[in-house]
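This is what each chain is made of:
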Amino acid sequence: MMALVLERRAEAGKWALLAAPLLAVGLTMASSLVVFWLLGQDPWRALQVYFIWPVSDAWGLQEVAVKATPLVLISVGLALCFRSNNWNIGAEGQFLIGAICGGGVAVWTHGWGGPWVLPLMLLAGAAGGMAYALIPAVLKVRLRVNEILVSLMLVYVADLLLDWLVRGPWRDPMGFNMPQTVTFARDATLPLLFDGGRMNLGSVIALVVVVVAAVVMARTLKGFEIRLVGQAPRAARFAGFSDTRLTITVFAVSGALAGLAGVIEAAGTVRQLLPGFSPGYGFTAIIVAFLGRLNPVGCLIAGIFIAITFIGGENAQIILRLPRDMTLVFQGLLLFYILACDTLILYRIRRRVPLQGAQT
Amino acid sequence: MADRSPLLAAEAVTRRFGTLVANDAVDLTVMPGEIHALLGENGAGKSTLVKMLYGLLAPDAGRILWQGRAVSLPTPRAARALGIGMVFQHFSLFDALSVAENVALALDEAAPLPQVAERLREVSRAYGLPLEPGREVWRLSVGERQRIEIVRCLMQNPQLLILDEPTSVLTPQETEGLFETLRTLRDEGRAVLYISHKLDEVRRLCEAATILRQGRVVERCDPRQQTAASLARMMVGSQIADVRRARAESAAGPVRLRLDSLDLPSEDPQGTSLKGVSLELAAGEILGIAGVAGNGQDELFAALSGEAPAPRAAAIVLEGTPIGHDGINARRRRAAAFVPEERLGHAAAPRMALSENALVAGHAANGFLRRGFVQRDRMLAWVDAVTSAFDVRKGPRDPEARALSGGNLQKFVVGREILRKPRLLVVSQPTWGVDAGAASLIRQALIDLAADGASVLVISQDLDELFEIADRIAVIFHGRLSPARPAEGLTREAVGLLMGGEGFGPVADTPPVMERVA
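All figures in this text were calculated on a predicted structure; none of them were measured in a lab.

Caption draft 1: Quick peek at the overall build of chain A. Helix and strand counts for chain A stand at 13 helices and 2 strands. In terms of overall size, chain A behaves like a compact globule, its C-alpha atoms giving a radius of gyration of 23 Å where 360 residues would be expected to give roughly 21 Å. Considering only C-alpha atoms, chain A reaches an extent of 90 × 60 × 35 Å along its principal axes. Sorting the 360 residues of chain A into buried and exposed places 50% on the buried side. Of the contacts formed within chain A by residues at least 6 apart in sequence, a portion of 77% connects residues at least 24 apart. Of note, chain A has its 27 positive side-chain charges centred 12 Å away from the centre of its 18 negative side-chain charges.

This is the structure we're talking about:
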């Protein structure tokens, strides 16, 4: 009889943290070559459409930035949560509430606002997302309610709230009865950075957030506290850190970032509110956070990569007539490979062979 | 008797873990009707050897003979089928199930529960191991839980019983009871392989000993012919530095720490609440708290450290200031320092570097921060200072905590606190599971700290340790603390009786642990 066992490697070096995602990306591409070939496509051309075209002209690059911005903002916040063992699964809901609060300001001031509208929107969006994330956090701390369930369920509440608002009180009176708000006025939109694309100030905000979060995590006591609470809760108590206060803090920060992403999407890219306003950024950001090793800079890189597959998927629908599902297959393969690579780098497989003449 | 053939023989058994040779051509011979001691420091290879004998590890080389015949032991089940039983240091029992149910689950052949209970009762009566089959395990004391494990083994009718550090959790009286049982087994012609590092016990109980050092057999002897000191020398391979107690005769200073009838309900429903705990600790004094595990030591430590704030601020007074409501960092700023029992997970985060673990206890009072930013160079310098002052052996300059051996990590977490020059040090199990060299270094450091005028409170289950270093000793039982008495003139028997609950008087609400005191 022979058994395969996983044995933890004594020392997996720092290189492993980088190697796993890179290997996973490589394996995803290799597997997709096979899939393209089976679908009767020219594999190399398909790969080009997916991964090269989106980054081969200025317009494509700007689109990538537009898609990556919300993913990066949300995933950085989630990374802080996940690092400290707080499972905020409801970033999608916080994203929508951020869009509703910021968009609400735009709808309310439509026709009489000034340059103060945009900062107010950003503030309202962040505050809304934060308040919404505090619901599961406070319930967890006070009543020990599971934060995964509460935060997840609140996504659907937010979704239906948006639906009701754009069909009811906030519907554009001149919009031919379509379920959407007015198109935001100039004062209520984020300025574009370059001509010939949709990249806006939001991408700059996302970059600033990444830098600040990276410094906080690596160099400050708060970052140390987040890592310690997640890794060794008893040692964190011994260090005098309060895990309940930290739960409130990380939920507040991640909710604010998700809300900020929501209002940036509303004010920068879509410029109005409408149902189905988010393609699921809040959920995709969970994959981004893990692909980015729960590290802010990692989230930036992973967010850009996932954004490329979104754009590449759109290209492939138009040019190769491949279904949108291919994008989901990519993301699924990627997550699968990264988990597998992680396991194989942290553990080794050993064949356990019993001694001669085993009797079982 | 001399011409009888060995029951079990290991011949040149070798086992490697990576580059570490845990067992290097080890020979071991156990005769029937013999209590055989396996002695060695932590990491000498005792556990590796018995795990191979019990089928938990496969040897890389060498062979194992059972009654003269070469055997292979791929699983513990195969070992049990031959007649080898083992009682582990850490129990594997289901708290919510009854004694009989726990035993039935572990039997190799399924049997109806009433039948198991009946046999259990027989075996426990025959060997003087009283157990009530219907009791749920969570109601039982540690000693009783160990009895379940032993009875469970005996029900398989083993010819060889392996015991791994069985007395580390027992009171002296319980230890005596266990020894009686083991002698009964020996008189029946069974063999016992007894793993321990308690030399007095080995000398009293065992007629043969094999001594391991760094994976090799260094000596075989009859421990009855040896002194504790000579056995210790064989184990360590050199003279252990005697802990010096060059202390001024009872030059006890002013009272530094006072507990005034501290009541503290345990946060853990299975824990032990503290009831009316009072004590006084003077400057320059070492106070030892003895007691069997689970009698409120964890709660007392948490109350002293501030991890569990006291209901009344005045219940804990440090240098005249009530600190009962203060958190752990506020207490650290008042020059108090703490070393909890668990090294990995409580005192240190396993996957963090030592420099970051310096920050765990030092961020409040060690000047590791500047405007909220962590000063890595200062933390590294601190690690270097602890390393050289406490002889912490490690490969790289700043490894993860889990990469250190138990003794070296303990030296680090003790050194981390002592180097802060605290005026009060509270330390729980300072040398638990630590090799003799590290243990003597740590004890010496505690004594030196007190000699410099600090107050030291040591919570320990190791009576030898307390008698070695403490000026006064109190016993914790059931969350209540006995008055402290001078260690000088105190006998082990007197402390042992207190540890078993004698002299505490009847208690109104009797928690389950109490009921075992027979």
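Caption draft 2: Structural detail: the overall build of chain B. Check the secondary structure of chain B and you find 16 helices and 23 strands. Its C-alpha atoms give chain B a radius of gyration of 24 Å, within 12% of the compact-globule value 24 Å for 518 residues. Expressed as a percentage of the 518 residues in chain B, the buried residues total 55%.

Caption draft 3: Highlighting the packing of helix α4 (residues 91-108) of chain A against helix α10 (residues 243-270) of chain A. Residue and element names in this part refer to chain A. Running from amino to carboxyl end, α4 crosses α10 at an angle of 55°, the nearest separation of the two axes being 6 Å. Considering the angle they form, α4 stands oblique to α10. α4 and α10 meet at a crossing whose hand is right-handed. Facing α4, whose interface residues are A91, Q94, F95, G98, A99 and G102, α10 presents S254, G255, A258, G259, A261, G262, V263, E265 and A266. Considering only residue class, the contact of α4 with α10 consists of 7 nonpolar, 7 polar and 1 charged.

Caption draft 4: Expanded view of the confidence of the model for chain A. Residues with a pLDDT of 70 or more make up 93% of chain A, whose mean pLDDT is 89. Contacts of residues 354-360 of chain A to residues separated by more than four positions or lying in other chains number 15 contacts, the stretch itself having pLDDT below 50.

Caption draft 5: Geometry of helix α5 (residues 117-143) of chain A. All names here are of chain A. End to end, α5 covers 38 Å across 27 residues, agreeing with the expected 39 Å (1.5 Å per residue, within 8%). Of all the bends in α5, the greatest reaches close to 30° and is centred on L134; the proline P136 follows between one and four positions later. Looking at α5, one finds that the buried residues are V117, L118, M121, L122, G125, A126, G128, G129, Y132, A133, P136 and A137. Remark: R144 follows α5 within two positions and exhibits a positive phi of approximately 55°.

Caption draft 6: How the structure looks around helix α13 (residues 406-418) of chain B. With 13 residues, α13(B) extends 18 Å between its outermost C-alpha atoms, agreeing within 8% with the 18 Å of an ideal straight helix rising 1.5 Å per residue. Judged by how many residues are buried, α13(B) sits mostly within the fold: 12 of 13 residues are covered. Within the sequence span of α13(B), burial applies to G407(B), N408(B), L409(B), Q410(B), K411(B), F412(B), V413(B), V414(B), G415(B), R416(B), E417(B) and I418(B). Tucked inside the fold, the buried residues of α13(B) contact α9 (233-238) of chain A together with β16 (336-339), α11 (354-362), α12 (376-390), β19 (424-428) and α14 (436-451) of chain B.

Caption draft 7: Fine view of the pairing of β19(B). Residues and elements named next belong to chain B. Of all 5 residues in β19, 5 are buried; the element is thus mostly enclosed. Of the two faces of β19, the one lined by L424, V426 and S428 and the one lined by L425 and V427 are each fully buried. The pairing of β16 with β19 spans 4 bridges and is parallel. Looking across to β19, one finds that A336 is bridged to L424.

Caption draft 8: Spotlight on unusual backbone geometry. All names here are of chain B. The phi torsion at A335 lies on the positive side, around 70°, for a residue other than glycine. Assignment of secondary structure puts A335 in the loop between α10 (328-333) and β16. Its identity is not glycine, yet H478 carries a phi of approximately 65°, on the positive side. Among the structural elements, H478 can be located in the loop between β21 (472-477) and β22 (480-481).

Caption draft 9: Inspection of the pairing of strand β20 (residues 455-459) of chain B at higher detail. All names here are of chain B. β20 sits mainly inside the fold: 5 of its 5 residues count as buried. The pairing of strand β13 (residues 286-290) with β20 spans 4 bridges and is parallel. Looking across to β20, one finds that L287 is bridged to L457. Pairing analysis gives 5 bridges linking β19 to β20, with the strands arranged parallel. Across the sheet, V427 pairs through a bridge with V458, a residue of β20. In terms of handedness, the path from β19 via α14 over to β20 forms a crossover that is right-handed.

Caption draft 10: Spotlight on the interface of chain A and chain B. Taken together, the contact pairs 26 residues of chain A with 36 residues of chain B. Summed over both partners, the interface of chain A with chain B buries about 2600 Å², with 56% contributed by carbon and sulfur atoms. One can count 2 salt bridges joining chain A with chain B. Seen at the junction of chain A and chain B, the total is 10 residue pairs in polar contact (both at pLDDT 80 or more). Elements with a contribution of two residues or more to the side of chain A that touches chain B: α7 (201-219), α8 (221-231) and α9 of chain A.

Caption draft 11: Main features of the environment of L328(A). Within the secondary structure layout, L328(A) lies in helix α13 (residues 325-346). Spatially, the C-alpha atom of L328(A) lies 23 Å from that of Q94(A), the residues being 234 residues apart in sequence.

Caption draft 12: Quick peek at the sheet that holds strand β7 (residues 160-164) of chain B. All names here are of chain B. What the 6 strands build is an open sheet, ordered β6-β7-β8-β3-β9-β10; its pairing is mixed. With partners counted over all chains shown, the strands left at the sheet margins are β6 (84-87) and β10 (216-221), one partner each. Averaged over all pairs of adjacent strands, the angle between their axes in this sheet comes to 20°, without regard to strand direction. Inspection of the sheet shows strand β3 (residues 35-40) paired to strand β9 (residues 208-213) by 5 bridges, in the parallel sense. Within the sheet, the bridge partner assigned to H36 lies in β9 and is A208. Helix α5 (residues 142-154) contacts β6 and β7 of the sheet and is inclined by roughly 175° relative to β6.

Caption draft 13: Quick look at the packing of aromatic side chains. Residue and element names in this part refer to chain A. In total, this model carries 18 aromatic pairs over all chains according to the counting rule given. Ring centres of F36 and F330 lie 6.1 Å apart, and the angle between their planes is 75°; on these two criteria the pair is classed as edge-to-face. Here F36 is found in helix α1 (residues 15-38), whereas its partner F330 is found in helix α13, with 294 residues between them in sequence. The residues F36 and F330 share a single accessibility class, namely buried.

The rules we used
- Residues numbered from 1 in each chain as written.
- Chains lettered and ligands numbered in written order.
- Predicted model: local features only at pLDDT ≥ 70, side-chain atom pairs only at ≥ 80, totals over all residues.
- Heavy atoms only, no water.
- Helix = DSSP H or I, 4+ residues; strand = E, 2+ residues; numbered from the N terminus.
- Rg over C-alpha atoms; globule rule 2.2 N^0.38 Å.
- Buried < 20%, exposed > 50% of the residue type's maximum accessible area, 1.4 Å probe, protein only.
- Contact = heavy atoms within 4.5 Å.
- Lys, Arg positive; Asp, Glu negative; His and termini not counted.
- Charge placed at Lys NZ, Arg CZ, Asp CG, Glu CD.
- Axes fitted to C-alpha atoms, helices over the stretch in contact; angles between N-to-C directions.
- Parallel < 35°, antiparallel > 145°, perpendicular 65-115°, else oblique.
- Left-handed = near helix turned anticlockwise from the far one by under 90°.
- Nonpolar A, V, L, I, M, F, W, Y, C, P; charged D, E, K, R; others polar.
- pLDDT = per-residue confidence, 0-100.
- Expected span 1.5 Å × (residues − 1).
- Bend = angle between axes of the 7 residues up to and from the residue.
- Pairing = 2+ DSSP bridges.
- Right-handed = clockwise from strand over helix to strand, strands pointing away.
- Buried area = accessible area lost by both parts, 1.4 Å probe.
- Salt bridge = Lys/Arg side-chain N within 4 Å of Asp/Glu carboxyl O.
- Polar contact = N/O pair within 3.5 Å; in protein donor to acceptor, adjacent residues only side chain to side chain.
- Phe/Tyr/Trp six-rings, centres within 6.5 Å; stacked < 30°, edge-to-face > 60°.

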